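# Structural characterization, general
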Amino acid sequence: MRVLVIVLVFPPASDVEKEIGKTTKLSMPLSSKLTDADLESNFADIAPPYTDQQAVVESARCLFCFDAPCISACPTGIDVPAFIKKITTGNTTGAARTILTANILGASCARVCPTEVLCEGACVLLDRDDDPIKIGRLQRYATDQANDKLLHLLKPATPKSGKRIAVIGGGPAGLGCAAELAQLGHDAVIFEKKINAGGLNTYGIAYYKMKPAVSLTEVELVKSLGVEIRCGVEVGRDLTRETLERDFDAIFLGIGLGEGQRLGIPGEELPEVVDALTFIEQIHTEPLHQIPLGTRVAVIGCGNTAIDAATQALRLGASEVVVVYRRSEGEMSAYAFEYDLAKRDGATFLFHHAPVEVIGDGGHVTGLRLARMHTRDKGSLSQIAGSEFIEPFDMIIKAVGQKKQSDWIARIFPELKLNRNSTPVRDARTGQTSLPHLFTGGDCANGGREVVNAVGEGKKAARGIHEFFGLTSKGSLVQPSRWGVTNGPYGSGLDAPIRVAELEEKYEELSPVSHPQPATSALTSKNQE
């Protein structure tokens with residue numbers, strides 16, 4: 001059954017959105033499907049901002065816990081009860097300062113964080129069979145107020161240390177690291193190969209979740225701290241390692257993940273076969289009515305990027321979108337709420353099927369040869385003999401993961417030690433690698449997690465660099481309700497972020513009587529691991 005989704009209309013794109021750099025266009029004989037007005041409606045904010053009254057009412061529901069699990073569930077350690085308390089008293093400026101002090105990208109994280117498995121999923125109100133506090137929407141309310149009023153809530157440290165750090169990559173990890181370094185008194189220079197910084201926040205987030213203007217505003221916030229950002233500069237092409245090591249005292253590596261993985265099947269080279277991130281990037285860099293789109297679209301993969309691609313294809317006007325996944329519904333990596341959204345938008349899911357060939361005619365996609373898959377006892381897959389069939393499609397979107405950056409690392413830092421999964425070996429607390437002057441964090445180091453994880457890891461690496469210079473780093477945040485208490489939780493998820501399922505296991509260990517069984521929900525499943 002197909003469901004009609006009614007959304008609100010947002011105003012025309014702002015000037016800052018129009019400044020997003022152009023990317024390589026998808027060249028294929030496909031056409032747009034909807035009018036400009038329809039597209040504006042379909043890509044309006046999925047969660048509209050709170051009004052002043054809504055924010056006060058929602059914040060008043062918070063219990064302001066003594067040991068707030070929402071802080072432990074936040075990878076940047078935002079003092080959630082503190083900023084919510086400030087909203088209740090009308091101090092939105094103070095609320096925004098509390099947020100941005102912990103997470104310089106608090107505005108984008110308010111929109112894109114999977115709060116259901118982080119702060120909101122840890123909310124104690126869930127134990128009362130109640131809705132959790134809408135932390136993400138309250139965080140957006142506070143940070144939007146600060147941005148709308150052009151408030152400068154953070155300042156670089158004085159005096160300066162005289163140390164210079166090169167930050168390779170201007171995504172969430174690089175921005176988080178550089179901002180923290182500036183506030184610790186160091187000079188940070190970001191080298192970003194694209195013409196705009198922000199990484200996936202600028203180019204790769206579903207358009208109905210966040211517009212590029214939010215990310216570019218945060219880039220300006222980082223620059224206001226004294227951080228220099230050099231865009232259009234690629235290390236290894238425009239700048240050598242030797243130059244960096246000569247001109248800088250330390251290096252932070254925050255280059256994210258590489259290009260999308262290939263399917264490795266015949267016909268993949270046809271023009272209507274595109275990578276999901278390329279498809280999403282074009283939505284951010286081209287007018288929506290000019291984006292080429294098929295009528296019947298297949299999305300290969302079932303992670304969160306696949307869901308974003310499927311949902312946006314539908315909102316662009318595709319008649320039908322089929323998500324093809326080789327394993328079961330319970331084994332997909334997409335979050336349950338993302339999966340539900342795609343189904344509400346009308347996406348169809350085909351589990352236990354894998355593509356074996358892209359069918360073409362006259363140099364263009366006409367279909368996809370699929371085969372049913374069987375899962376063996378140990379989890380490996382095998383194709384069921386005689387199960388192949390052809391399904392008609394005119395566009396294929398690949399969303400089967402991204403390559404690690406091991407090739408780039410081997411070329412620029414050949415002596416750097418890597419883990420078996422091709423990520424750099426690093427100290428979890430400081431981000432320091434096997435090369436003492438080189439630190440890392442974000443997707444290139446963790447293999448691919450959330451924006452908020454990248455910001456937190458960049459921030460920890462900045463403190464690690466501070467210690468590398470022989471300076472004393474700031475301690476972890478202590479929740480104000482615990483000031484003077486010498487034992488128990490320190491209250492911050494920055495050093496030891498924990499997800500909802502993990503948090504429930506901890507509670508079970510600490511208090512098995514009051515928690516005889518871990519809470520069960522669609523979110524505490526294997527999908528969230």
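Now for a description of the structure that goes with this document. (Residues numbered from 1 in each chain as written. Predicted model: local features only at pLDDT ≥ 70, side-chain atom pairs only at ≥ 80, totals over all residues. Heavy atoms only, no water.)

### Focus on the overall build of the chain
From N to C terminus, the chain includes 19 helices and 14 strands. In the chain, the share of contacts with a sequence separation of at least 24, taken over all contacts with a separation of at least 6, comes to 73%. Total accessible area computed for the chain in this model is approximately 23,300 Å², and 52% of it derives from carbon and sulfur atoms. (Helix = DSSP H or I, 4+ residues; strand = E, 2+ residues; numbered from the N terminus. Contact = heavy atoms within 4.5 Å. Areas by Shrake-Rupley, 256 points an atom, 1.4 Å probe, with all protein chains shown as cover.)

### Digging into the nonpolar core
If you look at the biggest cluster of nonpolar residues, it comprises 69 residues, and the most contacted ones within it are Phe83 and Ile465. Setting aside chain neighbours within four positions, we find Phe83 in contact with Ile78, Ala95, Thr98, Ile99, Ile135, Leu138 and Gln139. One finds Leu39, Tyr207, Tyr339 and Phe349 within the second-largest nonpolar core, a separate group that totals 35 residues. (Core = buried A, V, L, I, M, F, W, Y, C linked by side-chain atoms within 4.5 Å. Buried < 20%, exposed > 50% of the residue type's maximum accessible area, 1.4 Å probe, protein only.)

### Some thoughts on the pairing of strand E10 (residues 364-375)
Pairing of strand E9 (residues 353-361) with E10 involves eight bridges; the strand directions are antiparallel. Pairing of Pro355 across the sheet is with Leu370, part of E10. Between E9 and E10, which follow one another and run antiparallel, lie two residues, and Gly362 among them has a positive phi close to 65°. Where E10 meets strand E12 (residues 389-392), four bridges bridge the pair, whose relative direction is antiparallel. Residue pairing in the sheet places Leu368 in a bridge with Glu391 of E12. Sheet topology places E10 next to strand E11 (residues 381-383); three bridges connect them, and they run antiparallel. (Pairing = 2+ DSSP bridges.)

### Quick word on the sheet that holds strand E2 (residues 187-192)
Strands pair in a sheet through their backbones, by hydrogen bonds, and they do so in one of two ways: parallel or antiparallel. The five strands lie next to each other as E3-E2-E1-E4-E14, forming an open sheet whose pairing is parallel. Bordering the open sheet on either side are strand E3 (228-231) and strand E14 (438-440), each of which pairs with just one other strand. Pairs of neighbouring strands in the sheet enclose a mean axial angle of 20°, with direction left out of account. Two elements, E2 and E3, share four bridges in a ladder whose sense is parallel. Bridge pairing in E3 links Phe191 to Arg230. (Axes fitted to C-alpha atoms, helices over the stretch in contact; angles between N-to-C directions.)

### As for the packing of aromatic side chains
The geometry of an aromatic ring pair is captured by the separation of the ring centres together with the interplanar angle, meaning the angle of the planes. One pass over the full model with this rule turns up ten aromatic pairs. Between Tyr325 and Phe351, the ring centres sit 6.5 Å apart and the planes meet at 85°, which makes this aromatic pair edge-to-face. Taken together, the positions of Tyr325 in the loop between strand E7 (320-324) and helix H15 (336-345) and Phe351 in the loop between strand E8 (348-350) and E9 put the pair 26 residues apart, joining distant regions of the chain. The class for Phe351 is buried, based on a relative accessible area of 16%. On the numbers, 6.3 Å between centres and 75° between planes, the contact of Tyr339 with Phe351 is edge-to-face. With a gap of twelve residues between them, Tyr339 in helix H15 and Phe351 in the loop between E8 and E9 connect regions that are remote in the sequence. (Phe/Tyr/Trp six-rings, centres within 6.5 Å; stacked < 30°, edge-to-face > 60°.)

### A few points about H15
The set of residues buried in H15 consists of Ala336, Glu338, Tyr339, Leu341, Ala342 and Asp345. Each element contacted by the buried residues of H15 is listed here: helix H14 (304-316) and E8.

### Structural notes on the packing of helix H6 (residues 92-102) against helix H8 (residues 135-148)
Relative to each other, H6 and H8 sit at 105°, their axes nearing to 8 Å. Comparing their axes, H8 and H6 come out roughly perpendicular. Across the interface between the two elements, Thr92, Ala95, Ala96, Ile99 and Leu100 of H6 pack against Gln139, Tyr141, Ala142, Thr143, Gln145 and Ala146 of H8. When grouped by side-chain class, the residues that make up the contact of H6 with H8 number seven nonpolar, four polar and no charged. (Parallel < 35°, antiparallel > 145°, perpendicular 65-115°, else oblique. Nonpolar A, V, L, I, M, F, W, Y, C, P; charged D, E, K, R; others polar.)

### Points about the pairing of strand E13 (residues 395-398)
Alternating residues of E13 divide into Met395 and Ile397 and Ile396 and Lys398, and every residue in both groups is buried. The pairing of strand E5 (residues 273-275) with E13 spans three bridges and is parallel. The residue of E13 that forms the bridge with Val273 is Ile396.

### Some remarks on helix H9 (residues 172-183)
Since one α-helical turn is 3.6 residues long, residues separated by three or four positions face the same way. Between its first and last C-alpha atoms H9 spans 17 Å; for twelve residues at 1.5 Å apiece the expected length is 16 Å, and the two agree. Judged by how many residues are buried, H9 sits mostly within the fold: twelve of twelve residues are covered. Of the positions making up H9, those classed as buried are Pro172, Ala173, Gly174, Leu175, Gly176, Cys177, Ala178, Ala179, Glu180, Leu181, Ala182 and Gln183. A positive backbone phi angle near 100° is found at Gly185, which sits one or two residues after H9. (Expected span 1.5 Å × (residues − 1).)

### Regarding the environment of Ala354
Note that Ala354 resides in strand E9. Separated by 34 residues in the primary sequence, Ala354 and Glu388 place their C-alpha atoms 9.6 Å from one another. Ignoring sequence-local partners within four residues, the contact set of Ala354 consists of Val324, Arg326, Arg369, Leu370, Ala371 and Met373.

### Points about the packing of helix H3 (residues 52-59) against helix H5 (residues 80-88)
Between two packed helices, what matters for the description is the angle formed by their axes and the separation of those axes. With their axes 8 Å apart at the nearest point, H3 and H5 run at an angle of 130° to one another. It follows that H3 is oblique to H5 by the angle criterion. Note on packing geometry: the crossing formed by H3 with H5 is left-handed. Facing Ala55, Val56 and Ser59 of H3, the residues of H5 in contact are Ile84, Ile87 and Thr88. Across the contact of H3 with H5, the residue classes break down as four nonpolar, two polar and no charged. (Left-handed = near helix turned anticlockwise from the far one by under 90°.)

### Overview of the sheet that holds E7
Taken in spatial order, the five strands make up an open sheet running E5-E13-E6-E7-E8, and their pairing is parallel. Here the strands that pair on one side only, and so sit at the sheet edges, are E5 and E8. For this sheet the average axis-to-axis angle between neighbouring strands, irrespective of direction, equals 25°. Bridge count for E7 against E8 is three bridges, and the pairing is parallel. By the bridge assignment, Val323 is partnered in E8 with Phe349. Helix-sheet contacts for helix H13 (residues 276-285) involve E5 and E13, and the interaxial angle to E5 is about 75°. Taken strand by strand, H14 contacts strand E6 (296-300), E7, E8 and E13, and its axis lies near 170° from that of E7.

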